[in-house]
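# Close look at the chain arrangement
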Amino acid sequence: MRTALVLLLLLALAAVAGSLVPQVGVADARIAATFRDHPLRARIFDQLGLFDVYGSWWFTMIYSLLLVSLVACLVPRARAFVRNLRTRPALARELDAMRHYAELAVTDPPEQALGRARTLLRRRLFRVSRPNGARALAADKGLGREGGSLLFHVAFLVLLVGIVWGRGTGFSGQAVIVEGQTWTETHANYDGTVREGRFFGEDHSGVRVHVDDFRATYRASGQPSDFVTHATLLDAEGRELDRVAIRVNHPAEAEGVKFYQFGYGWAPVIRVEQDGEPIFDGPVVCQQDGSPEGLSQLQIPWNCVVKLPSLQPQVGIRLELWPDRRGLLALLETGEAMPMLVEYAPVMTWEAFEGDLRAELVQSAGVLDTAAMRPLDTGVLGAGETVDLGRGLTISFPDLRQYTVLTVSRDRGLWIVLAAAILILLGLLPALYTSRRKLWVTAEADGAGTLLKVGGFALQRRSQFEDEFSRLVRDLRRVPEERVGS
Amino acid sequence: MSTQTWAELSTGAFTVAFFAYLFGMLAAFHFLAFRRKTVWAVSVAATGLGLAAHLLSIVGRGVAAERIPLGNMYEYSLLLSFLVVLAYLVFVEGLARVRTVGGFVLGFAVITMAVAVLFLYVGPAPLIPALNSYWRQVHVSSMIVSSSLLALGGVLTVLYLVKERRERRLPPGSPPIMGGAVSLDDAPPHFEGGADEPPAAVSPARRGWLPPSSTLDRLAYRMIAFGFPIWTFGIITGAIWAESAWGRYWGWDPKETWSFITWVVFAGYLHARATSGWKGRRAAIVALVGFASLLVTYYAVNLWIVGLHSYAT
Ligand code: HEM
């Protein structure tokens, strides 16, 4: 027990470290800042795994050792408990030396008095045994304390196993899907990295999500009230499985894969033509990188990039989208930003560059590296308009759509973890609130009646047992009327 | 009434509750020192009045915001302090009939409320979608109920340590320092010790200002043993909510991390109580670490450490 507790404490200490040092995947920007401002400290932290406490080898070691030591101490306890369950309570001597003891003379004969005591104790859920021939009973109660405690500890073990197995065989990542598009659940289609567990067998589901539309609603104050993605879920062969509305707190599920509403953004449809021939046509996903101090995300424009690598020299276009034209106008006229809650005559400013896109260096679709480019032209483009870029190129903005960001994950251990958590609670209650009690009754003939001797004790909650004991004695004293003198 | 009126009613009732507790606290300390029964009665009456006003403040807040008032740190603190005082009246004054620790509990409530208005106040407003979940209500309310019980256990543990130290320093049989705890002898039997609780074997002659350390220890244990499963339940429902909101039931976000740390420390306390040689002072120190961890979970994480939960500040 010592070892397990020390390990548990170490787990807690590791968690303290993990909550104070920025963690990979939670606070990447702060990690980068640490590397910039305190390179030495950052390198030491990095070597120690402090930026990824929960994925570090020593964290894994602590909880593996905890598992081992839990098993090591639970096996003997479980054995002892089973042995305890199997054996009947044994008789004891010297009842009068027990913590609680009472003698009472009753009017019925010994056999009947003992029978009565037995019924009484059974009715109160004591286990009662009466060895052959003896005029005595042995009884006990409260195996629930040890049973509950065992259940709690075993369930904690199962919980750990469920977590490790579920995470190990599962995956999670993010999908960016524009309205009207279909996304297929495979490794390559995730936005950014997809976390795949240690024992994951590359068995992505191939489930498809067709996003019919996305809708964000706001209160008059600009506070969001609802985000919903209406989607059709299809299996790997393209058969329709379900039509769903995915909301915050209301994920959808198909073939064990769950889809959670995570974020959203704007995706203008852009068409670029060269001498009347379309060379780019489709929605472009726009992003926002953090809002300046004092402004909300809703008050600032969205950035997106169109790259045309097939041209010679290559062309890149940087777009700044204002989904509500009044937002741009307000900023120009009053210098004050206005929240843009709905689509209203959307407008973009654009900046075109020509030169080298350096595609081998810049992988991200949303970043335009202009180091090897020179400006071509700039301008404004409203919805439904077409403008000239120069070099025989035109750009048009026929439509504005939204995209939704879904968290996609599969965790097969979920049910194990939930069941274990419930069992933890169920075990905890008897382990904390019941007590183990032992009781003995002997009967000796006393004239026409019987002298009953009752002794017992409780291992926990002794004072409550005092009450229980005196109530029992009182009830034993009460001989049913018809038996008197018989 | 308009929501504006309700909001004003809520802040007004808050003020009444705050000063009622403050007054009750002073009276309770006066009683601790001079043992005038009328002063004790005044203290309890002020506490009762404070509780009524406090309840009104919580209800008014809910009506003004048009939702259950469990949306931000101010509202959590409002309910937490209410439940600490309520649990104190019911369990310590009512069931255990221990009458000398009220000042400390009210002091805790007064500090909690002062921090709430000074640093955590935000006006009543509706919730963002992620917070709008049935599981979240269950999670937050069980976390607050258990926090109040664990915090009450923590206050009692501090008093236990103070008293235990004093008892150890006294030579056996020395006269009482002051008065003697009132009504300890008629404490109901179910607050007596068991195997997991030390015996109440301190002679009346050695009692000082506070109730005997064994009584404080037992009360603290009861509060923690009551609060611990509720804390466990709160973590589980929080995980269920996190699963539906963010697609993972556990993400080591600072609030989650600290609630886990608190859970582990109190589990350590329960073990210590069951381990011979660890009862009494050593177990109490573990409980104190748990209390500190609870305060970090409750305040520090929201105020200084950022995470997904931080929008609830
Ligand atoms: C090898 C490991 C462990 C051993 C041998 C052990 C042993 C025990 C024992 C004997 C009790 C019963 C105390 C009593 O009823 O008087 C107990 C209770 C308890 N244990 Fe453990 N334990 C271990 C690990 C853990 C772990 C990992 C946790 C998780 C946090 C935990 C949480 C608890 C809790 C909350 C109780 C209180 C219930 C009670 O008082 O019966 N234990 N433990």
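Residues numbered from 1 in each chain as written. Chains lettered and ligands numbered in written order. Predicted model: local features only at pLDDT ≥ 70, side-chain atom pairs only at ≥ 80, totals over all residues. Heavy atoms only, no water.

On to the overall build of chain A, then. Counting secondary structure elements, chain A contains 9 helices and 20 strands. For a compact globule of 486 residues, the expected C-alpha radius of gyration is about 23 Å, and chain A comes in at 37 Å, more than 25% above that figure. Its C-alpha atoms give chain A principal-axis dimensions of about 125 × 55 × 50 Å. Evaluated residue by residue, chain A yields a buried proportion of 46% over its 486 residues. Pairs at least 24 apart in sequence give 64% of the contacts found in chain A among residues at least 6 apart. (Helix = DSSP H or I, 4+ residues; strand = E, 2+ residues; numbered from the N terminus. Rg over C-alpha atoms; globule rule 2.2 N^0.38 Å. Buried < 20%, exposed > 50% of the residue type's maximum accessible area, 1.4 Å probe, protein only. Contact = heavy atoms within 4.5 Å.)

Now for the coordination of the iron atom of the ligand. At the metal site, the iron atom of the ligand is ligated by His153 of chain A (NE2) and His271 of chain B (NE2), and these contacts range over 1.9 Å. One way to put it: the 6 donor atoms around the iron atom of the ligand meet at angles of 83 to 179°, and that makes the site octahedral. Of this pair, histidine 153 of chain A sits in helix α6 (residues 143–169) while histidine 271 of chain B sits in helix α7 (residues 254–274), each in a different chain. What makes histidine 271 of chain B buried here is its relative accessible area of 19%. (Donors = N, O, S within 2.8 Å, 3.2 Å for Na, K, Ca; no water. Tetrahedral: all angles 85-135°; square planar, octahedral: opposite > 155°, others 65-115°.)

Attention now moves to the pairing of strand β19 (residues 437–446) of chain A. Across a regular strand the side chains alternate sides, sitting on one face of the sheet and then on the other. Residue and element names in this part refer to chain A. Taken together, the 6 bridges between strand β3 (residues 136–141) and β19 define a ladder with antiparallel strand orientation. Its bridge partner being in β19, leucine 137 is matched across the sheet by valine 441. In this structure, β19 lies alongside strand β20 (residues 449–458), joined through 10 bridges in antiparallel fashion. For threonine 442, the partnering residue across the bridge sits in β20 and is lysine 453. Taking the residues that link successive antiparallel strands as the turn, the β19-β20 hairpin has 2 residues, and the phi of glycine 447 there is positive, at about 65°. (Pairing = 2+ DSSP bridges.)

Residue and element names in this part refer to chain A. Overall, antiparallel pairing links the 4 strands, which are arranged β5-β7-β8-β9 in an open sheet. In this open sheet, the two edge strands, each paired with only one partner strand, are β5 (182–184) and β9 (240–247). Taken pair by pair, the neighbouring strands of this sheet meet at an average axis angle of 25°, ignoring direction. Two elements, β5 and strand β7 (residues 208–218), share 3 bridges in a ladder whose sense is antiparallel. Residue pairing for β7: threonine 182 is matched across the bridge by histidine 210. (Axes fitted to C-alpha atoms, helices over the stretch in contact; angles between N-to-C directions.)

Now for helix α4 (residues 57–86) of chain A. One turn of an α-helix holds 3.6 residues; hence residues three or four places apart share an orientation. Residues and elements named next belong to chain A. Here α4 spans 43 Å end to end across 30 residues, near enough to the 44 Å set by a 1.5 Å rise per residue. All of the buried residues along α4 are Trp58, Phe59, Thr60, Ile62, Tyr63, Leu66, Leu67, Ser69, Leu70, Leu74 and Phe81. Next to the buried residues of α4 lie α1 (2–20), α3 (39–48) and α6. (Expected span 1.5 Å × (residues − 1).)

Membership of the largest hydrophobic core comes to 122 residues, with the highest contact counts inside it found for Phe59 and Phe156 of chain A together with Tyr21, Val101, Leu156 and Trp263 of chain B. Sort the elements by how many residues they give to this core and helix α3 (residues 73–95) of chain B lands first, with 14 residues. Dropping the residues within four chain positions of it, leucine 156 of chain B is found in contact with Val92, Val101, Leu216, Leu219, Ala220 and Met223 of chain B. Among the nonpolar cores identified, the runner-up in size contains 28 residues, and Ala267, Leu311, Ile317 and Tyr403 of chain A belong to it. (Core = buried A, V, L, I, M, F, W, Y, C linked by side-chain atoms within 4.5 Å.)

Bringing the state of the cysteines into the picture now. Residues and elements named next belong to chain A. Inspection of every chain in the model, using the stated rule, returns 1 disulfide over all chains. Each disulfide pairs two cysteine sulfurs, and for cysteine 286 the partner residue is cysteine 304, the sulfurs being separated by 2.1 Å. Measuring the twist about the S-S bond at about 60°, one finds the cysteine 286-cysteine 304 disulfide to be right-handed. One end of the pair, cysteine 286, is in the loop between β12 (277–283) and β13 (302–308); the other, cysteine 304, is in strand β13, with 18 residues separating them in the sequence. Each of the two residues, cysteine 286 as well as cysteine 304, counts as buried. (Disulfide = S-S within 2.5 Å.)

Now for the pattern of salt bridges. Residue and element names in this part refer to chain A. Taken as a whole and assessed by the stated rule, the structure comprises 35 salt bridges over all chains. Here aspartate 140 and arginine 127 are joined by a salt bridge, their closest N and O atoms 3.0 Å apart. Of this pair, aspartate 140 sits in strand β3 while arginine 127 sits in strand β2 (residues 127–129), placing them 13 residues apart in sequence. Both residues of the pair, aspartate 140 and arginine 127, belong to the buried class. Across the pair arginine 271 and glutamate 273 runs a salt bridge whose closest N-O atoms are separated by 3.4 Å. Assessed through its relative accessible area of 28%, arginine 271 is described here as partly exposed. Three or more residues are tied together by salt bridges with common partners; here these are Arg124, Arg474, Asp475 and Arg478. (Salt bridge = Lys/Arg side-chain N within 4 Å of Asp/Glu carboxyl O.)

Glancing now at the side chain of serine 244 of chain B. One can find serine 244 of chain B in helix α6 (residues 213–246). A polar side-chain atom of serine 244 of chain B sits 3.0 Å from the main-chain carbonyl oxygen of tryptophan 241 of chain B. Non-local contacts of serine 244 of chain B, meaning those with residues more than four positions away in its chain, are made with Asn249, His250, Pro251 and Tyr260 of chain A. (Polar contact = N/O pair within 3.5 Å; in protein donor to acceptor, adjacent residues only side chain to side chain.)

Attention now goes to the environment of leucine 156 of chain B. Its location among the elements puts leucine 156 of chain B in helix α5 (residues 134–169). C-alpha separation for the pair leucine 156 of chain B and alanine 220 of chain B, spaced 64 residues apart in sequence, amounts to 5.4 Å.

A word on a nonpolar patch on the surface. Residues and elements named next belong to chain A. On the surface, Val154, Val158, Val161, Trp165 and Ile416 cluster together to form a nonpolar patch covering roughly 380 Å² of accessible area. In terms of residue count, the dominant contributor to the nonpolar patch is α6 (4 residues). Within the secondary structure, valine 161 sits in helix α6. Look at valine 161 and you get partly exposed, because its relative accessible area is 44%. (Patch = residues over 30% accessible without salt bridge, like charges linked within 9 Å, V, L, I, M, F, W, Y side chains within 5 Å. Areas by Shrake-Rupley, 256 points an atom, 1.4 Å probe, with all protein chains shown as cover.)

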